[in-house]
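Geometric and topological summary
Each chain, letter by letter, is given below.
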Amino acid sequence: MYEYQDGPEFPKFLDNNDQLGHFRQRFYIKQGTIYMCGNSLGLACKDAEETLYEVLNKWKDEGIKMWNVDQGKYFLYSEFLADIMAPLVGADPDEISITGCTTINIHQTISTFYKPTAEKYKILVDDINFPTDRYAVDGQIRLKGLNPRDAVKLVKSRDGKFMSEDDIIEAMTEDVAIILLPAVYYRSAQILDMTKITKAAKERNIFIGWDFCHAIGAIEIDLKALDADFAIWCTYKYLNGGPGSSAALYINRKHFKLLPGLTGWYGNKPHTQFQLNQEFDHQQNASGWQIGTPTIFSMATLEGSLRIFKEAGISNIRKKSLHITGYLMYLIENRLSEYGFSVGNVKEDAKRGGHVCLEHDDAYRISIALKQRGVVQDFREPNVIRLTPAALYTTYQDVYDLVNILLDIVKTESHKKISEKRNFVV
Ligand SMILES: Cc1ncc(COP(=O)(O)O)c(C=O)c1O
């Protein structure tokens, strides 16, 4: 743990000594708000705005010629962005494609790797992952004429919160063909031991893919060392790509010769693509897993937002994230525990991602009260308020102020006037 202090001077001291502090001015931060929701949707930055306008202006100026300008930058935009993305996951740029949305990319990768046989036909998943992964896996199983009730190998969390690596490994029986797991859990922020799990999968000849949605831009990832078979991730959370910004997928280069499960003309080799042959000529790298015309506007913001990650460096980002989330946990334990609050995530650095789980029996109403006081965060059933002090734009002062607001809410019991009825989006 780090040495933290209570009191109003300490956050000022930390902000004055924050080497990433200057990045905050490149983000749009609404006055009077404390933004703690970067694990759901990161904030807009000026860089993203700039690159979005660049693309818009290219289109205005060039019309269809825009595909060929700047040495085909936009025709090959996935490759251009993969170059800047690569250091964040420790892969070669040609193992990454910027395309689709996370869920489509799960369909794409599972349909590529899933070749069930009578003996080996199960897909191993867990019961506390974000549900879209499961929906996609079930769908892929049904497409093979199998029944998810039989073909899903479900590993259950023992407490509904955390997952045991040993339970996962124990479930890797001979009938398992593929494993799909999150690197960081969306609710509890638990980081799975990817090295241990991937190694166990490989020893048993099982393909393994990782969902990095809550890991990308928050923790360091080394796909070269991991040697997983595939991975997928979104770009709108910690990467600040904006709502619906294009997702990404990783295909380990040893699988480049596989045919994508979902083939489309943008997976064709670029130099024969416009010959428009009826036969698919697969581009044998991750670009070959693209399907249709890239969603250029949804990628353009990423060009700017990734620029900041390149400048800041993911190891510095992780360092600050651990420190500022540690500060929040310290304040929760020192000042809020007597009011029924507790830290719901694992405290060990190696086992926690970018957000803090603040637990309270009345979490839903406190979450609404926080929103009314300008603190943007979210609630997850049954009792968790997710708080993300983002390394690139949250100050230590924000964290200190947030804790004071929480104290004020519970002391004045202002949350008790709020209805318990849930909104559609919480
Ligand atoms: C682990 C995980 N996978 C996938 C998604 C979302 O998928 P998509 O980007 O297709 O909406 C989320 C969203 O929060 C997530 O947490």
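An unreviewed UniProt entry annotates the protein as Kynureninase originating from Bombyx mandarina. Check the Sequence similarities (unreviewed entry) section of the UniProt entry for the protein; it says "Belongs to the kynureninase family." Entered under Subunit (unreviewed entry) in the UniProt record, the comment concerning the protein runs "Homodimer."

A look at helix α4 (residues 77–89)
For α4, spanning 13 residues, the distance from its first C-alpha to its last is 19 Å, which sits close to the expected 18 Å at 1.5 Å a residue. Its maximal kink placed at Asp83, α4 deviates by approximately 40 degrees, while the proline Pro87 follows within four residues. Within α4, burial applies to Tyr77, Ser78, Leu81, Ala82, Ile84, Met85, Ala86, Leu88 and Val89. Positive backbone phi, at 65 degrees, marks Gly90, one or two positions downstream of α4.

Examining the packing of aromatic side chains
Applying the stated criterion to the full structure yields 19 aromatic pairs. For the ring pair Trp59 and Phe297, a centre distance of 5.8 Å and an interplane angle of 65 degrees mean the geometry is edge-to-face. Taken together, the residues Trp59 in helix α2 (residues 46–62) and Phe297 in helix α12 (residues 296–312) connect sequence positions 238 residues apart. The exposure class of Trp59 is partly exposed, given its relative accessible area of 48%.

Some words on the sheet that holds strand β8 (residues 248–251)
By way of backbone hydrogen bonds, the strands of a sheet pair with one another, either parallel or antiparallel. Reading across the sheet, the 7 strands line up as β2-β8-β7-β6-β5-β3-β4 and stay open at both edges, with mixed pairing between neighbours. Of all strands in the sheet, those bounded by a partner on one side alone are β2 (96–98) and β4 (152–155). Pairs of neighbouring strands in the sheet enclose a mean axial angle of 20 degrees, with direction left out of account. Packed onto the sheet, helix α5 (residues 102–113) meets β3 (122–126), β5 (176–182), β6 (207–211), β7 (230–233) and β8 and runs at close to 170 degrees relative to β7.

Focus on the UniProt feature "binding site: pyridoxal 5'-phosphate" (unreviewed entry) in the protein
The sites that carry the UniProt feature "binding site: pyridoxal 5'-phosphate" (unreviewed entry) are, in the present numbering, Thr103, Asp211, His214, Tyr236, Trp265 and Thr293. A maximum C-alpha distance of 30.4 Å among these annotated residues, which run over 191 residues, shows that they spread across the structure rather than meeting at one spot. Residue placement: His214 occurs in the loop between β6 and α10 (223–226). In this structure, His214 is in contact with Asn39, Val184, Tyr186, Lys237, Tyr238 and Arg386, ignoring residues within four places of it in sequence. By secondary structure assignment, the location of Trp265 is in the loop between β8 and α11 (270–273). When neighbours within four sequence positions are excluded, Trp265 is seen to be in contact with Gln273, Phe274, Leu276, Ile291, Gly292 and Thr293.

Details of the pairing of β7
The side-chain alternation of β7 yields two buried faces, one formed by Phe230 and Ile232 and the other by Ala231 and Trp233. In the sheet, β6 pairs with β7 via 3 bridges, with the strands oriented parallel. Within β7, the residue paired with Trp210 across the bridge is Ala231. Pairing of β7 with β8, which is carried by 4 bridges, proceeds in the antiparallel orientation. Bridge pairing in β8 links Trp233 to Ala248.

Topic: a nonpolar patch on the surface
On the surface, Trp265, Phe274 and Leu276 cluster together into a nonpolar patch covering about 340 Å² of accessible area. Its location among the elements puts Leu276 in the loop between α11 and α12. Residue classification places Leu276 among the exposed residues on the basis of a relative accessible area of 54%.

Some words on the packing of α2 against α12
At a minimum axis separation of 7 Å, α2 and α12 run at an interaxial angle of 140 degrees. The angle between the axes of α2 and α12 places the two elements in the oblique class. With respect to the hand of their crossing, α2 and α12 are arranged in right-handed fashion. On α12, the residues that touch Asp47, Ala48, Glu50, Thr51, Leu52, Glu54, Val55, Leu56 and Trp59 of α2 are Ile296, Phe297, Ala300, Thr301, Glu303, Gly304, Ser305, Arg307 and Ile308. Per-class residue counts for the contact of α2 with α12 are 9 nonpolar, 4 polar and 5 charged.

Quick look at unusual backbone geometry
Residues Glu381 and Pro382 are joined by a peptide bond in cis, for which omega reads 0 degrees. Structurally, the position occupied by Pro382 is in the loop between β12 (378–380) and β13 (384–387). You will see that Asp70, though not glycine, has its phi angle at about 50 degrees, which is positive. Mapped onto the elements, Asp70 comes out in helix α3 (residues 69–72). The phi dihedral of Asn205 falls on the positive side, at around 65 degrees, and the residue is not glycine.

Description of the UniProt feature "modified residue: N6-(pyridoxal phosphate)lysine" (unreviewed entry) in the protein
The positions that UniProt labels "modified residue: N6-(pyridoxal phosphate)lysine" (unreviewed entry) are, in the present scheme, Lys237. In this fold, Lys237 is placed in the loop between β7 and β8. A relative accessible area of 11% means that Lys237 is categorised as buried. Residue contacts for Lys237: discarding those within four places in its chain leaves Gly38, Asn39, Ser40, Leu41, Gly42, Cys213 and His214.

Thresholds, definitions, all that
- Residues numbered from 1 in each chain as written.
- Predicted model: local features only at pLDDT ≥ 70, side-chain atom pairs only at ≥ 80, totals over all residues.
- Heavy atoms only, no water.
- UniProt positions renumbered as here; feature names shortened; annotations may be inferred.
- Helix = DSSP H or I, 4+ residues; strand = E, 2+ residues; numbered from the N terminus.
- Expected span 1.5 Å × (residues − 1).
- Bend = angle between axes of the 7 residues up to and from the residue.
- Buried < 20%, exposed > 50% of the residue type's maximum accessible area, 1.4 Å probe, protein only.
- Phe/Tyr/Trp six-rings, centres within 6.5 Å; stacked < 30°, edge-to-face > 60°.
- Pairing = 2+ DSSP bridges.
- Axes fitted to C-alpha atoms, helices over the stretch in contact; angles between N-to-C directions.
- Contact = heavy atoms within 4.5 Å.
- Patch = residues over 30% accessible without salt bridge, like charges linked within 9 Å, V, L, I, M, F, W, Y side chains within 5 Å.
- Areas by Shrake-Rupley, 256 points an atom, 1.4 Å probe, with all protein chains shown as cover.
- Salt bridge = Lys/Arg side-chain N within 4 Å of Asp/Glu carboxyl O.
- Parallel < 35°, antiparallel > 145°, perpendicular 65-115°, else oblique.
- Left-handed = near helix turned anticlockwise from the far one by under 90°.
- Nonpolar A, V, L, I, M, F, W, Y, C, P; charged D, E, K, R; others polar.

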